[in-house]
Each structure stands twice: as structure tokens, then as C-alpha cells.
Amino acid sequence: MNRDTLAIAQRSLGDPSLTFPLSPPLTRGCPRTSTAEIAYPLEVDYDYARVPAGLFEQEPGPDLARWQPLLPMLHAPTLGEGGTPLVEFDGVYIKDESRNPTWSHKDRLNRVAVSAAVGEGAPGVVAASSGNHGASAAAYAARAGLDAVVLASAEAPPAVQSFVRAYGARVVTVPAEKRWPLLREIVDRLGYHPVSNQTVTHTGHPYGPEGYKTIAYEVFLQLGAVPAAVFPPTGYGELLYGLWKGFAELRRLGVTRETPRMFSCEPAAGGPTARAVGSGAPAAIVELGRTDAYGVACDVGGHRAVRAVLDSGGEALLVTDDEMRAAQRALADQGLWYELSGAAGVAACRKLGRSFDGPVVCVATSSGFKDLGVGTAEVEVVSEPTFEAIFAASRSA
């Protein structure tokens, strides 16, 4: 298999006729189409005519380098990301991204984004994150020998902050609204490579969703078919768009004839993608209410998510915390434990209650260990551990 990248340019989603060189990655959005009110992302374009014939005949497995022709150059070493299982659950399939090296889907993004930092010769990476993304960025930076700074908010679970620090990252806890101005200053003054968003509406790293599209490749190979519908937890929409791009590439290359409908699955407390899709806007900013699904609690949306929903013929769905908790419990009852955010796709699929002509895939993004309040409950000690006492205590629990 040819392990050379076929990436040729960065293409604007604001105007697809506009292309830019691969280097440097345009981490502040398209410079030609973005305005003070809307930032348009870029994506990576490839020489699709040269994709190796046997690329999609291989078995799915760990290390994204197996998909190198359709990824930007992977300069950073692997931690064994990808190759996650597809598990049957209640009539649908769960793509279990909690099996990645740092227990979340973010490892796919950071293998690609940290590779860009290495390729650009950056001394380190900087992320604004209160959870999965910060831990993943820190791990891949450590593996690549780069420094990492993670700007966390005070609301981040202490256990997750400890998780990030374990990789040697400098974790700075600041008020949430201060994170992005500080991130830009670190980029401008220290030359660190940003792996988090820097723009008014979300653009993020132009290479990031390229890592996520490998989930689509794996799902196709694991099912032996394209699913009819896909339900991913949705925050900024990078995962949603990456999935859609992966399936669209399979159709473009003639590997499949169909693509799935993509459903954004957001907390009802926010929902910028639902707002944008409903209003016809390219992206939206909303007032964020209270939600415990902190991993997808976003007041800022991005154009990528809107494109994925509209281009696939999907819908933008909202779920409450109670609906996510019910899905979280149902999954745990079948041996699958995810953080509340990670159950948003299953919650939305159950709420929609629709039958599809083909398999349905819900992406579960992160381990339940990352959730708020995990490990804080007091443990009740049975002082007289008789059979009767233990049986009563277990029934109570």
C-alpha cells in the first residue's frame, strides 16, 4: 500500500472554488470569505484520481496511517488510535470511540492536528478544552516530543484535569470566556500550534475532521455496507462533518453508491447547529443554558455541521439531559458506559423513534470515567458483612 499522502490543498467551505496551499494550516478560517460575523472553515482536498485501488479492501484496525493517502501527512507517532469496535445495541450499532488511547474520539483529530504541528516545526501545541480534547492533545504532543498548554475552565471535572496533567501538559484553569483570547496570544507570541478554535463561529483546525472521517471508513468495512443514518454527539460539529466527508468520499471514489443521512445531536440547552439549520444561517451563536453534557455544551456553532446536515438530507436534533441520562443508563445496562455527552447520539436516535431502510449507527464518543461527579460519591461500608446485610445493601444500590 502506498503510504504517501495525496493531499494537495486547503479548500474553503465559504467558496469551494478557493484553494490555498497545504502549509501553513489556516487555523483562523478562510481569509477570503470570513467576516466579523461568520468564519468559514477549510477542508483538505486530495488527488482522488490516484487513490490506491486496494485502500478499502484492508481490515480496519489501529493506527490511522493505514489511511495515509486520504489524510494530511502524519508526522506524529501513533498511539494506536482507530480500529474501534461496532457493537449491536437495541436494534442499532454503537461505534465505541471510548476504546481509543485516551478513551475518546478526539484521538483521531489529534493524531492529525499534532502531526501538523510537527510538520510546521512548532515548539508545542495549545488547546482550550475542559475534557477529552485537552487530554488527547496532551497525549499526542507528549508522544511527539512537543510541549502542550491546555487552557481549562473552572467547571472542568478535577479528575479530567488530573488526566491531562498526567501527560506532562501545563494545565491552566481560567474563566471560560478568557480561554480563547489567551490561546490566540500563546499562538502569536510563542509560536505554538493551535488545535482549538480561534474564530467567531467555529472553524477549528482545518485538518481535524480528516481524522474523524476514518470512522466512516471503518463503519463501512465493519458493516459491509453504508448505514442509512448516523447519529453523532454534536458540539462544534467537527465529528459530524468528518463522518459525512468520509462517507461522501466513499461514494465519490465509487466504493459505494449511497451515503447516510446525518443527524446532529445537541443538548437542548444550546443547539447552535439546530438554530442555524432552522433559520437558514451558515452558522449560529446561541445563549447556552445549564447542562451536564459539558463535552458538547457549545454556544458557538460552525458551518461544517450545517453543511453535513443539509448535504446529507439529515436533521438537527436536540436532547435534554434527562433523555441523555436515560440513554446512558440503557447503554450501561448492556455493559457500555459513556459520559453523558457520549450518549447524546443514542438519546437522539431513541427520541426520533424513526425506522430506516438499513442499519443505523450511533457514535459513542467518550468513556464514563470522564463524566461530572465520577468518583465523588461516598462509599457505604457494610460493617457486618453477613449474607443478609450484603443482599439488602445490593438491593438498595
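For the structure, check the block above.
Residues numbered from 1 in each chain as written. Predicted model: local features only at pLDDT ≥ 70, side-chain atom pairs only at ≥ 80, totals over all residues. Heavy atoms only, no water.

**Regarding the overall build of the protein chain**
Within the protein chain one finds 11 helices and 13 strands. By the compact-globule yardstick of 21 Å for 397 residues, the protein chain fits well, its C-alpha radius of gyration being 21 Å. Structurally, the protein chain occupies a C-alpha span of about 70 × 50 × 45 Å along its principal axes. Long-range pairs, those at least 24 residues apart, make up 70% of the contacts in the protein chain between residues at least 6 apart in sequence. Working note: accessible area of the protein chain is about 16200 Å², and carbon and sulfur atoms make up 50% of it. (Helix = DSSP H or I, 4+ residues; strand = E, 2+ residues; numbered from the N terminus. Rg over C-alpha atoms; globule rule 2.2 N^0.38 Å. Contact = heavy atoms within 4.5 Å. Areas by Shrake-Rupley, 256 points an atom, 1.4 Å probe, with all protein chains shown as cover.)

**Brief notes about the environment of Ser115**
Mapping Ser115 onto the fold places it in helix H1 (residues 106-119). For Ser115, the residues in contact, after removing those within four places along its chain, are Met73, Leu74, His75, Ala76 and Asn110.

**Re the sheet that holds strand S3 (residues 42-46)**
Sheets are built from strands paired through backbone hydrogen bonds, the pairs being either parallel or antiparallel. Pairing in this open sheet of 3 strands is antiparallel, and the strands run S2-S1-S3 from one edge to the other. Because the sheet does not close on itself, it has two edges, and the strands there are strand S2 (19-20) and S3. Here 2 bridges tie strand S1 (residues 7-12) to S2, and the two strands are oriented antiparallel to one another. Bridge pairing in S2 links Arg11 to Thr19. (Pairing = 2+ DSSP bridges.)

**What to know about H1**
The end-to-end C-alpha distance of H1 is 20 Å, a good match for the 20 Å that 14 residues give at a rise of 1.5 Å each. Within H1, 12 of the 14 residues are buried, which leaves the element mostly enclosed by the surrounding structure. Of the residues making up H1, those classed as buried are Lys106, Asp107, Arg108, Leu109, Asn110, Arg111, Val112, Ala113, Val114, Ser115, Ala116 and Ala117. The secondary structure elements touched by the buried residues of H1 are strand S5 (92-96), strand S6 (124-128), helix H2 (132-144), strand S9 (193-194), helix H5 (208-223) and helix H6 (238-252). (Expected span 1.5 Å × (residues − 1). Buried < 20%, exposed > 50% of the residue type's maximum accessible area, 1.4 Å probe, protein only.)

**Digging into the packing of H1 against H5**
In contact at an axis separation of 7 Å, H1 and H5 are set at 130 degrees when each is read in the N-to-C sense. Taken as axis vectors, H1 and H5 run oblique relative to one another. Here H1 and H5 pass one another in a crossing that is right-handed. Residue-level contacts link Lys106, Arg108, Leu109 and Val112 of H1 to Gly208, Gly211, Tyr212, Thr214, Ile215 and Glu218 of H5. (Axes fitted to C-alpha atoms, helices over the stretch in contact; angles between N-to-C directions. Parallel < 35°, antiparallel > 145°, perpendicular 65-115°, else oblique. Left-handed = near helix turned anticlockwise from the far one by under 90°.)

**What to know about the nonpolar core**
Counting 61 residues, the largest nonpolar core has Phe56, Leu70, Val125, Val164, Leu243 and Phe247 as the members making the most contacts within it. The biggest single contributor to this core is H6, with 7 residues. In this structure Val164 touches Gly131, Gly134, Ala135, Ala138, Val150, Ala169 and Val171, once residues within four positions along its chain are discounted. One finds Phe263, Ala348, Phe356 and Ala364 within the second-largest nonpolar core, a separate group that totals 29 residues. (Core = buried A, V, L, I, M, F, W, Y, C linked by side-chain atoms within 4.5 Å.)

**So, the layout of surface pockets**
Of the voids in this model, the largest pocket is the one considered here, and its volume is about 1200 Å³. Every residue lining the largest pocket is counted, 49 residues in all, and those nearest its centre are Arg179, Tyr236, Tyr294, Ala297 and Cys298. Here the second largest pocket is characterised by a volume of approximately 340 Å³. Every residue lining the second largest pocket is counted, 15 residues in all, and those nearest its centre are Glu43, Tyr241, Trp244, Lys245 and Ala248. If you list the elements that add at least two residues to the lining of the second largest pocket, you get S3, H6 and helix H8 (303-312). Across the lining of the second largest pocket, the residue classes break down as 7 nonpolar, no polar and 8 charged. (1 Å grid on protein atoms, 1.4 Å probe; cavity = no way out; pocket = protein on both sides within 12 Å on 5 of 7 lines; lining within 4 Å. Points joined across faces, edges and corners; volume = space filled by probe spheres on them. Nonpolar A, V, L, I, M, F, W, Y, C, P; charged D, E, K, R; others polar.)

**Topic: the side chain of Thr199**
By the element assignment, Thr199 lies in the loop between S9 and H5. Of the polar contacts made by the side chain of Thr199, one reaches the side chain of Asn197; its length is 2.9 Å. A polar contact of 2.6 Å, which involves the side chain of Thr199, links it to the backbone oxygen of Thr201. Not counting residues up to four positions away in its chain, the partners in contact with Thr199 are Arg28, Gly29 and Ala39. (Polar contact = N/O pair within 3.5 Å; in protein donor to acceptor, adjacent residues only side chain to side chain.)

**Brief notes about empty space enclosed by the protein**
Which parts of space are left empty comes out when a probe the size of a water molecule is rolled across the atoms. Across all of its chains, the model carries 1 cavity of 30 Å³ or more by this definition. Of the pockets and cavities examined, the largest cavity occupies roughly 40 Å³. Elements represented by at least two residues in the lining of the largest cavity include exactly strand S7 (147-153) and helix H3 (158-165). Among the elements that make up the lining of the largest cavity, the one with the highest residue count is H3 (3 residues). The residue makeup of the lining of the largest cavity, split by class, is 6 nonpolar, 4 polar and no charged.

**A closer look at the packing of aromatic side chains**
Summed over all chains, the structure comprises 11 aromatic pairs. Ring centres of Trp103 and Phe369 lie 6.0 Å apart, and the angle between their planes is 40 degrees; on these two criteria the pair is classed as tilted. Here the residue Trp103 occupies a position in the loop between S5 and H1, and Phe369 occupies one in the loop between strand S13 (360-364) and helix H11 (387-396), the gap between them amounting to 266 residues. Here the aromatic residues Trp103, Phe163, Tyr167, Trp337 and Phe369 are joined through ring pairs into a cluster of three or more. (Phe/Tyr/Trp six-rings, centres within 6.5 Å; stacked < 30°, edge-to-face > 60°.)

**Some thoughts on the environment of Tyr294**
Topologically, Tyr294 is positioned in the loop between helix H7 (272-279) and H8. Linking Tyr294 and Gly131, residues 163 residues apart in sequence, is a C-alpha distance of 8.3 Å. Setting aside its immediate chain neighbours within four residues, Tyr294 contacts Ser130, Gly131, Pro157, Val160, Glu339, Ser341, Lys370 and Leu372. Among the polar contacts made by the side chain of Tyr294, one reaches the main-chain carbonyl oxygen of Lys370 at a distance of 2.5 Å.

**Points about the pairing of strand S11 (residues 261-267)**
In terms of residue burial, S11 counts as a mostly covered element, since 6 of its 7 residues are buried. Alignment of strand S10 (residues 229-231) against S11, held across 2 bridges, turns out to be parallel. Bridge pairing in S11 places Ala229 opposite Arg261. In the classification by handedness, the crossover that spans S10, the intervening H6 and the parallel S11 is right-handed. The sheet contact formed by S11 and strand S12 (residues 315-319) spans 5 bridges and is parallel. Residue pairing for S12: Cys265 is matched across the bridge by Leu317. (Right-handed = clockwise from strand over helix to strand, strands pointing away.)

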